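Listed below are the residues making up each chain.
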Amino acid sequence: MIKEQIKHLLDKCFAQGVMQGSWTAAAAGSYTVELPKHPAHGDFSTNFAMLVAGRDNKKPREVASLLAEKMARHKDLFDKVEIAGPGFVNFFVREAIWQSVVKSVCEHCYAYGSSQVGQKRKVLVEFVSANPTGPLSIGHGRQAVLGDAIARLLDATGHKVTREYYYNDAGRQMRVLGESTRARYLELLGLAAEFPEDGYQGEYIYDIARKLVAEMGDSLKETEDVTPFKEKAEQEIFANIAETLEKLDIRFDNYYNEHSLYEKGLVDDVVARLRAKGLAYDHDGAVWFKTTEFGQEQDRVIIKSTGEPTYRLPDIAYHREKLKRGFDWLVNIFGSDHIATVPDVMAGLRALGYDDSKVTVVIHQFVTLTREGNQVKMSTRKANFVTVDELFDEVGPDVVRFFFLMRKADSQLEFDLDLATKESQENPVFYVQYANARLSSIQKKANEKNISRKPLPDVVLEKLSLPEELNMLKALASYPALVEDAALDLSPHRIIFFLMDLAGQFHSYYNRHLVISDDLELTQARLWLAEALRIVFHNGLRVVGLSAPESM
RNA sequence: GCGCCUGUAGCUCAGCUGGAUAGAGCAACGGACUUCUAAUCCGUAGGUCACAGGUUCGAAUCCUGUCAGGCGUGCCA
């Protein structure tokens, strides 16, 4: 908010300068307020002079001195305003401004960092969307955590969020699942069974088959229809997926079944409309979508010669339906292996007259899992994949969540099990949570000593004048803008990095200075600082779905 | 072949969308518990930002090309 204040003042100076003929309006809106890396460069700086001078062919330092003079008049805000380097104007903000951040944090408390930039825009976050063919893999885990954290961030910034899980229980995959289950069922009964060539080989299929044997005996041994096997498997697997998600504290508002698109005729309608616009045609017994009209290299099949649709057709229908349901923004979390559907869906929406800029796709790269130095390969079909459940055998949900959020979606994520488990003492998760616990502990200690925090107006916040204290206050001040940026950029990892940095600052401070001391005024000020820190740790952890333990 | 993503310290990764002298955590080495939790802290060391050009006041960041890795490129999802 201080940054915004400075930006606002710059805009005023800019307009004033234009009126006075000091410069033209050419550079309007191009200059920015930045946080310099180096403390000698002040708390904030602006490239105003360089950009204005550049457009007008003036000398940057001359423009800078004019600007600096105007800005320096705001003595309530700035200690000093300096010109440096090629024409930067650096602002040194008064300590009192930073100290007042304590008030702002504590007044807003658990709402500090929340905002209304979303303006109640309706956004649908679609993620996981794994068909119920097996337990959630590590890759799904990353997606689940990423999607949930993004949903939480959007929620905190005033969006109206719906979390949706899209699945298909009617396709080829599910038929193979049913066949696999039947094969295991017959096998358990000691009967001859042909296991499908591309069947699901995981141990969990045996578990499901065992349940069937227990519940049905051998009554299904003559059944030709795979439906009972498929349905049992689906039911069991979905229950397992829901349980896994529950452990991660992830709940969906809606499960959307692909099948319902067919029932409502929405799939056929897409084809009809594409045909009507001349964007779909028959060839070799299949129906093709003219994706070449939308910049692709080749047209794509949407209905196979067997009469079955390909995945992209219902995908297009689904996204169209989401927009028709009134969502202003569709956020999709996809694994990089599904990237191919994106251009097809976008083309489909445009073809049908919808605005595809309302769709943002977050593509996350793969998770590679290493154990004892070896990379574990993953495949749902084969038995050697690692599931989220297996991860829970070794580390808790907070560790899983934190590790998955530590990297930006674009990066491949190496999950080193040895590091996450064996060396859990050095774990960054605990490092951050420990900061929260210590802060809570300080408040408890104060209570034990019968020291209660006095009302803020009676507290001498000027006592918070150590460089470490001011730096922490600056971090606290930057938090609301960070949440906003992280939400709009769909980048929860930024919150993680902020928390790790702030935790580092706090632990260092904690080891050096006592909050509760003989100096009563100082103790009051620091107790309030500790409270402000605790609130921001709490809010930061919670906004990405991590727990904020008061003791560890 | 083509498309998307990635390439930054020994390892894993940030780098606020073009700013000033490049950042953190691990790992390595040396230190700190009569004080609010040592799951912590302090210190040392570590770099041709893959490579080559270009754009401009200014490039790890933008554009082009090259190299390397990942994922796609199906009438699989």
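Because the structure is a prediction, the values reported are computed rather than measured.

Thresholds, definitions, all that
Residues numbered from 1 in each chain as written. Chains lettered and ligands numbered in written order. Predicted model: local features only at pLDDT ≥ 70, side-chain atom pairs only at ≥ 80, totals over all residues. Heavy atoms only, no water. Helix = DSSP H or I, 4+ residues; strand = E, 2+ residues; numbered from the N terminus. Buried < 20%, exposed > 50% of the residue type's maximum accessible area, 1.4 Å probe, protein only. Areas by Shrake-Rupley, 256 points an atom, 1.4 Å probe, with all protein chains shown as cover. Lys, Arg positive; Asp, Glu negative; His and termini not counted. Charge placed at Lys NZ, Arg CZ, Asp CG, Glu CD. Pairing = 2+ DSSP bridges. Near = heavy atom within 4 Å. Polar contact = N/O pair within 3.5 Å; in protein donor to acceptor, adjacent residues only side chain to side chain. Axes fitted to C-alpha atoms, helices over the stretch in contact; angles between N-to-C directions. Contact = heavy atoms within 4.5 Å. Salt bridge = Lys/Arg side-chain N within 4 Å of Asp/Glu carboxyl O.

Novice: Go over the overall build of chain A with me, naming the residues and quoting the values.
Specialist: Within chain A one finds 20 helices and 15 strands. Projected onto the principal axes, the alpha-carbon positions of chain A cover approximately 90 × 65 × 40 Å. Expressed as a percentage of the 552 residues in chain A, the buried residues total 51%. Total accessible area on chain A stands at roughly 25600 Å², and carbon and sulfur atoms take up 49% of it. Across chain A, the centroid of the 67 positively charged side chains sits 6 Å from that of the 79 negatively charged ones.

Novice: Account for the pairing of strand S4 (residues 88-93), naming residues and giving values.
Specialist: Of all six residues in S4, five are buried, a share of seventy percent or more. Alignment of strand S2 (residues 44-46) against S4, held across three bridges, turns out to be antiparallel. Within the sheet, the bridge partner assigned to Phe44 lies in S4 and is Phe91. Bridge analysis of strand S3 (residues 78-84) against S4 gives six bridges, and the strand direction is antiparallel. Bridge pairing in S4 links Phe78 to Val93. Linking S3 to S4, which pair antiparallel, is a turn of three residues; within it Gly85 sits at a positive phi near 55 degrees.

Novice: Quick one: what's the story with the protein's contact with RNA strand B, residue by residue and with numbers?
Specialist: Looking at RNA strand B, there are 65 residues lining it, with Lys304, Tyr311, Tyr431, Tyr434 and Ser441 nearest. A share of 64% is what sugar and phosphate atoms reach among the atoms of RNA strand B within 4 Å of the protein. Between RNA strand B and Ser45 there is a distance of 3.1 Å, counted from a base nitrogen to a side-chain nitrogen or oxygen. Between a phosphate oxygen of RNA strand B and a main-chain N or O atom of Lys408, the distance comes to 2.9 Å. Counting only elements with at least two residues in the surface near RNA strand B, the list comes to helix H2 (48-56), S4, helix H7 (172-188), strand S9 (286-289), strand S10 (300-303), strand S15 (413-416), helix H17 (428-448) and helix H19 (493-512). The element contributing the most residues to the surface near RNA strand B is H17, with eight residues.

Novice: Outline the sheet that holds strand S12 (residues 359-364), supporting the account with residue identities and numerical values.
Specialist: Strand order in the open sheet formed by five strands is S7-S6-S5-S11-S12, and the pairing between neighbours is parallel. Among the strands making up the open sheet, the edge pair consists of strand S7 (254-257) and S12. When strand polarity is set aside, the average angle formed by the axes of neighbouring strands in this sheet is 25 degrees. Where helix H6 (residues 138-156) meets the sheet, it contacts strand S5 (122-126), strand S6 (160-167), strand S11 (329-335) and S12, and its direction lies at approximately 160 degrees from that of S11.

Novice: Provide a residue-level description of the pattern of salt bridges, including the pertinent values.
Specialist: Evaluated as defined, the whole model comprises 35 salt bridges. One connected set of salt bridges, linked through shared partners, spans Asp148, Arg152, Arg163, Glu246, Asp249, Arg251 and Arg401.

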